[in-house]
Amino acid sequence: MLALVSPALLVIGLLIVLPVGWLAWQSIYHDGFTLEHYRRILTEEIYWRSFALTFEISLFATVIALLLGYPVAYAANAAQKGWGIFILALVVLPFWTSVLVRAYAWLALLQRTGVINQFLRYLDVIDTPLALVHNTFGTVVATVHILLPFMVLPLYAAMQKIPRDLMQAGASLGANPAHAFFRIFLPLSLPGALAGSTMVFVLCLGFYITPELLGGGRTVMVSMLVSRNVELYNQFGAASAVAVVLLVSVLLIFFIASRFISLDRVLGQK
Amino acid sequence: MKTFSPARMALIAACSLVLVFLILPVLIIVPISFSGARFLTFPPPSLSLRWYQQYFSNPAWMQATQVTLIVAAFTVLIATPLGVAAAYAISQSKLRIMRVIHMALLLPLVVPIIITAVGIFFVYARVGLVATLPGLVLANVMLGLPYVVISVLAGLQSFDPAQEMVARSLGMNRLRSFFVVTLPQIKSSVVAGGIFAFISAMDETIVALFISGGRYQPLTKRMFTALRDEIDPTIAAISTLMTAASLMLVLLASGRQRRNA
């Protein structure tokens, strides 16, 4: 049986374990051991600011995705079967379109001469076009759009597991619907919310295409820091150190989340 | 939940708004792609196929499309057997280490893609695989493996391994009993896994940004560079075609999976 997994393991080993190990090594070794690259992350403003911005955007995107995703998952769960499947199909549809395609779509919608600005001007709501893109706002909107399915699916899965009798039992004991929702349904759906939030937060930490295309160069997320250090400045050590810190953050979040929920549940989704 | 209570109306409204937010951007590229205007105006002042013409008559876009299709095809041909073998081993073996191996095979989904991309770039630079077709294929095989493994493992869950035992007790060897008894029953999830690997290879952008170059640049890399410079409606045409292709493949794959379940 080990012989059967070894080709797959070899590919994974050569193309992800080895490269990541190499990065880790490069981040501390350059003609001798050095912690210089890590010191720079802590002391140089551009580095720690980028980390702070990335965590801020990720947190923001996660909260928005949770607020938007919860009602959708709830409706899909509460609706009759056909409607529930229809709602889920609409959720999964954009999930399967290229991230680049969606970046293009958001550029077309949000730019100065974009669909939304033209529409608002046509309605005479605004005189000058709003700056909706090439900034943090555009980045967050497109990010939430891409990550929302990762929130809805685990939420829906968790809600499906809640026995419907429980709400009826609550009602028969005198709880009004709102009361029953907050005391019974909401707490039982929290594992799904945690699984979804973990996934969205972690994916957002590593986002690259969306901030690169919609951020307009000012929203420098950590991934862009990595790529710029490689492509523009040839600073492989610095890029490696940033990559290592990013990876450790991601693994740490997964580890913490796994203490509360089953990790299979988070990973099995995509 | 039979009556239209205010809470229910609010729920329906909220859900509809979010669904519009999810779907509208995907749909908006379709009318833009058929626009006759040089610059983005909405609604399009006139309809035309000029952006599709531009795409099909541009050698650079065609070359990139060819690279994408070749890479995706080879990715499927390699990733599918590797993933099926691995998933089979994981589901049949009782070794403790298989759990760790299972997690290891899902690593491409866990490690932020930019890190993978830069790491592969460093390794490829050493062995001369940058800007080559095999290099692109190999990277996409790695990225596609988790999809095959997940899909096939799901298929194997509903398969009773006792059947294979019966076949073997009747004199088939292990390999033959797998191909004759097991494979036909999990065929749908194998095909679905292969399709997901194809879509993943077709859409992959970030690794390609780092390791592809020269003649061997996939569509996504050229689109990315074009998008950074200007919003050319040719990309709307390409996007529409890509989305249509992805969705058709997904429908095919999910139809397959359902039949299997």
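Along each chain, the written sequence defines residue order, and numbers are assigned to residues from 1. The order in which chains are written sets their letters, starting at A; the order in which ligands are written sets their numbers, starting at 1. Given that the model is predicted, a residue must reach a pLDDT of at least 70 before its local features are reported, and side-chain atom pairs must reach 80 or more before they are shown or counted; all residues, however, enter totals for whole chains, interfaces and linings. The basis for every side-chain value is the complete set of heavy atoms in the structure, and neither hydrogens nor water enter the calculation.

Peer 1: Would you explain the overall build of chain A in this entry?
Peer 2: Here a strand is any run of E in DSSP of at least two residues, a helix any run of H or I of at least four, and the numbering for each starts at the N terminus. If you tally the helices and strands in chain A, you get 13 helices and zero strands. In chain A, the succession of helices and strands from N to C terminus is α-α-α-α-α-α-α-α-α-α-α-α-α. For the C-alpha atoms alone, the extent of chain A along its principal axes is close to 75 × 65 × 35 Å. Among the 270 residues that make up chain A, the fraction classed as buried is 52%. Long-range contacts, defined as pairs at least 24 residues apart, comprise 71% of the intrachain contacts of chain A with a sequence gap of at least 6. Carbon and sulfur atoms form 68% of the exposed surface of chain A, whose accessible area is close to 12600 Å². Here the positive residues are Lys and Arg and the negative ones are Asp and Glu; neither His nor the chain ends is included. Taken as the charge centre is NZ of Lys, CZ of Arg, CG of Asp or CD of Glu, depending on the residue. Treating the 15 positive side-chain charges of chain A as one cloud and the 11 negative ones as another, the clouds have centres 10 Å apart. Buried means the residue's accessible area, taken with a 1.4 Å probe over protein chains only, is under 20% of the maximum for its type, while exposed means over 50%, and partly exposed covers the values in between. Pairs of residues are marked as contacts when any of their non-hydrogen atoms sit within 4.5 Å. Under the convention used here, a 1.4 Å probe and the Shrake-Rupley method define accessible areas, while residue burial counts only the protein chains that appear.

Peer 1: Teacher, can you tell me more about the overall build of chain B here?
Peer 2: Scanning chain B for helices and strands turns up 12 helices and zero strands. With the C-alpha coordinates aligned to their principal axes, the bounding extent of chain B is approximately 70 × 65 × 30 Å.

Peer 1: When you look at helix α11 (residues 222-231) of chain A in this model, what are you seeing that I'm missing?
Peer 2: Three or four residues apart is the spacing at which side chains of an α-helix point the same way, because the helix has 3.6 residues per turn. In terms of residue burial, α11(A) counts as a mostly covered element, since eight of its 10 residues are buried. Among all positions of α11(A), only A:Val222, A:Ser223, A:Met224, A:Leu225, A:Val226, A:Ser227, A:Asn229 and A:Val230 are buried. In this structure, the buried residues of α11(A) make contact with α3 (45-78), α9 (177-205), α10 (209-214) and α12 (236-258) of chain A together with α6 (113-127) and α10 (206-211) of chain B.

Peer 1: Can you walk me through unusual backbone geometry in this structure?
Peer 2: If a residue is not glycine, its phi is most likely negative; likewise, a peptide bond is most likely trans. All names here are of chain A. Look at Asp 124: it is not a glycine, yet its phi comes out positive at around 65°. Along the polypeptide, Asp 124 turns up in the loop between α6 (115-122) and α7 (136-160). When its relative accessible area of 65% is taken as the criterion, Asp 124 is described as exposed. Positive phi is not limited to glycine here, since His 134 has a value of about 65°. With respect to the secondary-structure elements, His 134 resides in the loop between α6 and α7. With a relative accessible area of 35%, His 134 lands in the partly exposed category.

Peer 1: I keep staring at the packing of aromatic side chains and nothing clicks. Help me out?
Peer 2: Residues and elements named next belong to chain A. Here is the rule: rings of Phe, Tyr and Trp (six-membered ring for Trp) pair when centre to centre is within 6.5 Å. Planes less than 30 degrees apart are stacked, more than 60 are edge-to-face, and the remainder are tilted. Scanning the entire structure with this criterion turns up 22 aromatic pairs over all chains. Measuring from ring centre to ring centre gives 5.2 Å for Tyr 29 and Phe 33, while their planes differ by 80°; the resulting arrangement is edge-to-face. Take Phe 33: its relative accessible area is 61%, and that puts it in the exposed class. An aromatic cluster is defined as three or more aromatic residues linked by ring pairs; in this entry it consists of Tyr 70, Tyr 74, Phe 181, Phe 182 and Phe 185.

Peer 1: Just to check I follow, could you spell out the confidence of the model for chain A for this structure?
Peer 2: Caution applies to low-pLDDT regions: their predicted coordinates should not be interpreted in detail. With 97% of its residues at a pLDDT of 70 or more, chain A has an overall mean of 89. How sure the predictor is of each residue is captured by pLDDT, a score from 0 to 100. For chain A, helix α13 (residues 263-267) of chain A is the element with the lowest average pLDDT, namely 60, and α3(A) is the one with the highest, namely 95.

Peer 1: What's the story with the pattern of salt bridges in this structure? I'm lost.
Peer 2: If charged atoms from side chains of opposite charge come close, those side chains can pair. The salt bridge criterion pairs a side-chain nitrogen of Lys or Arg with a carboxyl oxygen of Asp or Glu, the two atoms within 4 Å. Tallying each qualifying case throughout the model produces five salt bridges over all chains. The partner of A:Arg228 in a salt bridge is A:Glu212, with the nearest N and O atoms 3.4 Å apart. Of this pair, A:Arg228 sits in helix α11 while A:Glu212 sits in helix α10; the two residues are 16 residues apart in sequence, bridging distant segments of the chain. B:Arg168 serves as the salt-bridge partner of B:Glu164, at 3.7 Å between the closest nitrogen and oxygen. Separated by four residues within a single helix, B:Glu164 and B:Arg168 lie in helix α8 (residues 162-169), roughly one turn from each other. Under the relative-accessibility criterion, B:Glu164 is labelled buried at 1%. When its relative accessible area of 27% is taken as the criterion, B:Arg168 is described as partly exposed.

Peer 1: Help me out: how do you make sense of empty space enclosed by the protein in this one?
Peer 2: Unfilled space is identified by rolling a water-sized probe across the atoms. All names here are of chain B. A pocket here means an open set of points on a 1 Å grid, computed over the protein atoms alone, that has protein on both sides within 12 Å along at least five of seven lines. A cavity is instead a set of points where a 1.4 Å probe fits but cannot get out; residues with an atom within 4 Å of a point line either one. Grid points are joined across faces, edges and corners, and a volume is the space filled by probe spheres set on the points. Counted according to the given criterion, the structure contains three cavities of 30 Å³ or more. Lining of the second largest cavity is provided by Thr 68, Val 71, Leu 136, Asn 140, Ala 201, Glu 204, Ala 208, Pro 218 and Thr 220. Breaking the lining of the second largest cavity down by element, the ones donating at least two residues are α3 (59-92) and α7 (133-157). Per-class residue counts for the lining of the second largest cavity are five nonpolar, three polar and one charged. Ten residues, namely Ala, Val, Leu, Ile, Met, Phe, Trp, Tyr, Cys and Pro, are considered nonpolar, four, namely Asp, Glu, Lys and Arg, are considered charged, and the remaining ones, Gly among them, are considered polar.

Peer 1: Quick question: what am I supposed to make of a nonpolar patch on the surface here?
Peer 2: All names here are of chain A. A patch consists of residues whose relative accessible area exceeds 30% and which take part in no salt bridge; residues with like charges are grouped when within 9 Å of each other, and nonpolar side chains (Val, Leu, Ile, Met, Phe, Trp, Tyr) when within 5 Å. Taken together, the side chains of Leu 194, Leu 252, Phe 255, Ile 256 and Phe 260 define a hydrophobic patch exposed on the protein surface, amounting to about 520 Å² of accessible area. Turning to its location among the elements, Leu 194 is positioned in helix α9. Residue classification places Leu 194 among the partly exposed residues on the basis of a relative accessible area of 34%.

Peer 1: Looking at this structure, how should I read the nonpolar core?
Peer 2: Nonpolar side chains in soluble globular proteins generally cluster together in the buried interior. Side-chain atoms within 4.5 Å are what join buried Ala, Val, Leu, Ile, Met, Phe, Trp, Tyr and Cys residues into a set we call a nonpolar core. B:Ile115, B:Phe210, B:Ile211 and B:Met223 are the most contacted members of the largest nonpolar core, which totals 166 residues. In this structure, B:Met223 is in contact with A:Leu100, A:Val101, B:Trp61, B:Ile235, B:Ile238, B:Ser239 and B:Met242, ignoring residues within four places of it in sequence.

Peer 1: What is the right way to look at the confidence of the model for chain B in this model?
Peer 2: All names here are of chain B. Of all residues in chain B, 95% attain a pLDDT of 70 or more, and the chain-wide mean is 90. Looking over chain B, one finds the lowest element-wise mean pLDDT in helix α12 (residues 233-260), namely 84, and the highest in α3, namely 96. The ipTM for the predicted assembly is 0.89, set against a pTM of 0.90.

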